[in-house]
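Now for the letters of each chain:
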Number of protein chains: 2
Amino acid sequence: MSRVAVVGATGAVGRVTLRLLAERGYDDVRAFASARSAGTTLDGGLTVEEATPEALAAGDIDLALFSVGTGASRELVPHAVRGGAAVVDKSAAYRLEPGVPLVVPEVNGARALENDGIVANPNCCTIPLTCVLKPLHDAAGLRAVRVSTYQSVSGAGAHRMEQLRAQPVDDHDLAMDWSWEGDETDEEAKIRAEARKILELPELPISATTVRVPVLVGHAEAVWVELEEPLTPEAAAELLGRAPSVRLVDLPTPAAAAQTDQVLVGRIRRDPAAANGLVLFLACDNLVKGAALNAIQIAELLLQRDRMAA
Amino acid sequence: MSRVAVVGATGAVGRVTLRLLAERGYDDVRAFASARSAGTTLDGGLTVEEATPEALAAGDIDLALFSVGTGASRELVPHAVRGGAAVVDKSAAYRLEPGVPLVVPEVNGARALENDGIVANPNCCTIPLTCVLKPLHDAAGLRAVRVSTYQSVSGAGAHRMEQLRAQPVDDHDLAMDWSWEGDETDEEAKIRAEARKILELPELPISATTVRVPVLVGHAEAVWVELEEPLTPEAAAELLGRAPSVRLVDLPTPAAAAQTDQVLVGRIRRDPAAANGLVLFLACDNLVKGAALNAIQIAELLLQRDRMAA
């Protein structure tokens, strides 16, 4: 069995990663985090180790799942690669770097094998979006995508969940608590750039508006899709009903998606504003398929390759 | 001074209506509600009267502001009209009826005077949307509109605000708690049909996705607009900055809009998915400009006409 390291083990995504690994029977797992958390014992009994360059480069890790901030990934990931680990990085540090595959296994899983030590895991909104866009593109060709998001606070970290729990409901509000790139949030820029890379459609027009809502877990997205060829809502529903990791439901909501492995899709209907337009709504657990699960699926593609090579 | 009746005085919108009337110096105001609430005393000191057909038809009301359900409006409004009152009805009962003006004063105020006793007040999402669409249409011609909403629970009534206050934050979720008309919520159908009537663009393609978010007060909308002619985001911002009841802000949110009279608009940028496309975000207090204030503004257009005729 592979020796697995979870780096950023005490964060919202790190905790879910450890839980999913345990559920899947991984028993040689180590938990790494910053010096502040080192020495603490986690729910599953693991003692947190400090994520130092030396520890990560020591050569005793086969697979490292990183869920730390972009800055920490830039600093630490190269050491794990140097030590011989295959790295799946969940930050934005390497996603758009040429030569680093950006992978949603159901969409472009084969790309994971074309790596130089690092595979990047996409943004938590990009993953469910591309799971839904890919079958539609294969059937009728994507011409343009518009998406507005309803993102839970857990996407901003475990501390934001505690803040929401502590906040009087009278103060609940919408937010756009991201950095800005010109007239966009960096989240909006990420969705466009990452979806283009994953779908291998570098010119696809994608317009996103990202919004944080006072929900703890689960992201939802209202999506308008313009297609090159006609596709009825019924045909789209049939395609999506057969798509991997996608489940058709009447009404996808964050609560319905929470703790599930799937992207829930529903409300598929015609967009009267476009010739070949469809409207749909999706929801996904941003910590599971939107982050930890997708990274583990990537890791399993890599481990499978190693087993086949061995 | 006119004799004013507020029917549905104990609901979320009715209470705001009474407050706004008091602030504006109306001192001959009566509060009506169902038998269940009759006899109770409201914050401002008014005693609630039962909204019977006889009381409403008695001939001692000049202006009746209705904020009751669609069924109750259908039943009671004709009695107030029979008694000689000018009625502004906030329900969906008469909005699409030919001959009944559907009015946002900043957009089509003159239509209010072409009434046979009833003027309808639009849906709480339609009002801010048309305040923003009208200046854009006048400048560059609307070709298509897509909108996804972030609607607070107060839009569903005061009891839903109490429910949200009582609910653990872990249970907060998105909802689409409207009736269904085919593959749409009736809220989505209302936004399209009402905006077309108000803007006098009966063929305008409008695609809406309506979503309830766990916020108490204030609705927001992510809007994509396709125009006939080019219009830069800067020019659109300048137009909207001069538009009545519209205020340009960096980031419109429900909390920023709450208790204000204005529609907050921001995040105006190009839509890369359309030739002459713009994206924007708006927020509005659904109980104030989205309901009670708009109805009072309509009433004042009617009272002004009466004074000029007297």
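Below is a summary of the structure that appears in this document. (Residues numbered from 1 in each chain as written. Chains lettered and ligands numbered in written order. Predicted model: local features only at pLDDT ≥ 70, side-chain atom pairs only at ≥ 80, totals over all residues. Heavy atoms only, no water.)

Let's shift gears to the interface of chain B and chain A. How big an interface is tends to be expressed through the accessible area that disappears when the partners come together. With 46 residues of chain B at the interface, the matching set in chain A holds 46 residues. A combined buried area of about 3,800 Å² lies between chain B and chain A, and 61% of that area is made up of carbon and sulfur atoms. On the surface where chain B and chain A come into contact, there are ten salt bridges. Counting across the chain B and chain A interface gives 23 residue pairs in polar contact (both at pLDDT 80 or more). The greatest single-element share of the side of chain B that touches chain A, amounting to six residues, is contributed by strand S7 (residues 142-150) of chain B. Here the residues of the side of chain B that touches chain A sort into 27 nonpolar, seven polar and twelve charged. (Contact = heavy atoms within 4.5 Å. Buried area = accessible area lost by both parts, 1.4 Å probe. Salt bridge = Lys/Arg side-chain N within 4 Å of Asp/Glu carboxyl O. Polar contact = N/O pair within 3.5 Å; in protein donor to acceptor, adjacent residues only side chain to side chain. Helix = DSSP H or I, 4+ residues; strand = E, 2+ residues; numbered from the N terminus. Nonpolar A, V, L, I, M, F, W, Y, C, P; charged D, E, K, R; others polar.)

This part takes up the packing of aromatic side chains. Counted by the stated rule, this structure contains four aromatic pairs over all chains. Centre to centre, the rings of Tyr150(A) and Phe281(A) are 5.7 Å apart; their planes meet at 65°, and the pair counts as edge-to-face. Taken as a pair, Tyr150(A) in strand S7 (residues 142-150) and Phe281(A) in strand S14 (residues 277-284) lie far apart in primary sequence, 131 residues in all. Overall, Phe281(A) belongs to the buried group, its relative accessible area being 1%. Aromatic rings pair up to connect Tyr150(A), Phe281(A), Tyr150(B) and Phe281(B) into one cluster. Here Arg74(A) stacks its cationic end above the ring of Tyr94(A), 5.7 Å away from the centre of that ring. (Phe/Tyr/Trp six-rings, centres within 6.5 Å; stacked < 30°, edge-to-face > 60°. Buried < 20%, exposed > 50% of the residue type's maximum accessible area, 1.4 Å probe, protein only. Lys NZ or Arg CZ within 6 Å of the ring centre and 35° of its normal.)

So, about unusual backbone geometry. Residue and element names in this part refer to chain A. Backbone geometry places Glu200, a non-glycine residue, at a positive phi of 55°. As for its position among the elements, Glu200 is in the loop between helix H7 (186-199) and strand S10 (206-209). In this structure, Ser245 takes a positive phi of about 65° despite not being glycine. Its location among the elements puts Ser245 in the loop between helix H8 (233-242) and strand S12 (246-248).

Looking now at helix H1 (residues 12-23) of chain B. All names here are of chain B. With twelve residues, H1 extends 17 Å from end C-alpha to end C-alpha; this agrees with the ideal 16 Å at 1.5 Å per step. Burial in H1 covers these residues: Ala12, Val13, Gly14, Val16, Thr17, Leu18, Leu20 and Leu21. For H1, the elements touching its buried residues are strand S1 (4-7), strand S2 (29-33), strand S4 (63-66), helix H6 (158-166) and helix H10 (288-309). Phi for Gly25, located one or two positions after H1, is positive at around 90°. (Expected span 1.5 Å × (residues − 1).)

In screw terms, the move from chain B to chain A is a rotation of 180° and a rise of 0.0 Å along the axis, fitting with an RMSD of 0.0 Å. Between the two chains, the operation in question is that of a two-fold axis. By C-alpha distance to the rotation axis, the residue of chain B lying nearest is Pro214(B), at 3.1 Å. (Least-squares fit on C-alpha atoms with pLDDT ≥ 70 in both.)

Residue and element names in this part refer to chain B. Along the polypeptide, Tyr94 turns up in the loop between strand S5 (86-89) and helix H4 (105-108). For the pair Tyr94 and Ala51, spaced 43 residues apart in sequence, the C-alpha to C-alpha distance is 19 Å. Ignoring anything within four residues of it in the chain, the contact list for Tyr94 reads Ser73, Arg74, Val77, Pro78, Asp89, Val100, Ile118 and Ala120.

Close approach of charged atoms allows side chains with opposite charge to pair. Considering all chains together, one arrives at 44 salt bridges over all chains under this definition. With a shortest N-O distance of 3.3 Å, Arg30(B) and Asp60(B) are connected by a salt bridge. Within this pair, whereas Arg30(B) is found in strand S2, its partner Asp60(B) is found in the loop between helix H2 (53-56) and S4, the two being separated by 30 residues in sequence. Through salt bridges with shared partners, a single ionic network connects Arg146(A), Glu226(A), Asp271(A), Arg146(B), Glu226(B) and Asp271(B).

All right, on to the packing of helix H5 (residues 126-140) of chain B against helix H7 (residues 186-199) of chain B then. Residues and elements named next belong to chain B. With their axes 10 Å apart at the nearest point, H5 and H7 run at an angle of 45° to one another. In this view, H5 runs oblique relative to H7, as classed from their interaxial angle. Where H5 crosses over H7, the two elements pack in a sense that is right-handed. For the pair H5 and H7, contact is made by Thr126, Leu129, Thr130, Leu133 and Lys134 and by Lys190, Ile191, Glu194, Ala195, Ile198 and Leu199, respectively. (Axes fitted to C-alpha atoms, helices over the stretch in contact; angles between N-to-C directions. Parallel < 35°, antiparallel > 145°, perpendicular 65-115°, else oblique. Left-handed = near helix turned anticlockwise from the far one by under 90°.)

As a further point, take the nonpolar core. What tends to happen in soluble globular proteins is that the nonpolar side chains get buried as a cluster. Core analysis: the biggest nonpolar cluster contains 58 residues, and Leu56(B), Phe66(B), Leu136(B), Leu142(B), Val265(B) and Leu280(B) have the highest contact counts within it. Per-element accounting of this core gives the leading share, seven residues, to H5(B). With residues up to four places along the chain from it excluded, the contact list for Leu56(B) reads Val7(B), Phe32(B), Ala51(B), Ile61(B), Phe66(B), Leu76(B), His79(B), Ala80(B) and Gly83(B). In this structure, Leu56(A), Ile118(A), Leu133(A) and Leu278(A) belong to the second largest nonpolar core, which totals 56 residues. (Core = buried A, V, L, I, M, F, W, Y, C linked by side-chain atoms within 4.5 Å.)

Residue and element names in this part refer to chain B. Take Arg212: it is sitting in the loop between strand S10 (206-209) and strand S11 (219-227). Judged by its relative accessible area of 3%, Arg212 falls in the buried class. One polar contact links the side chain of Arg212 to the main-chain carbonyl oxygen of Ser152, over a distance of 3.0 Å. Not counting chain neighbours up to four residues away, the residues in contact with Arg212 comprise Gln151, Ser152, Val153, Gly155, Ala156, Arg160, Asp173, Leu174, Ala175, Asp177, Trp178 and His219.

A few words now on the pairing of S2(B). Residue and element names in this part refer to chain B. Counting buried residues along S2, four of its five residues qualify, which places the element largely inside the surrounding structure. The sheet contact formed by S1 and S2 spans four bridges and is parallel. Among the inter-strand pairings, Val6 is bridged to a residue of S2, identified as Ala31. Crossover handedness for the path S1 to H1 to S2: right-handed. The pairing of S2 with strand S3 (residues 48-50) spans three bridges and is parallel. Residue pairing for S3: Phe32 is matched across the bridge by Glu49. (Pairing = 2+ DSSP bridges. Right-handed = clockwise from strand over helix to strand, strands pointing away.)

Treat this as a map of the structure, not an account of what it does.
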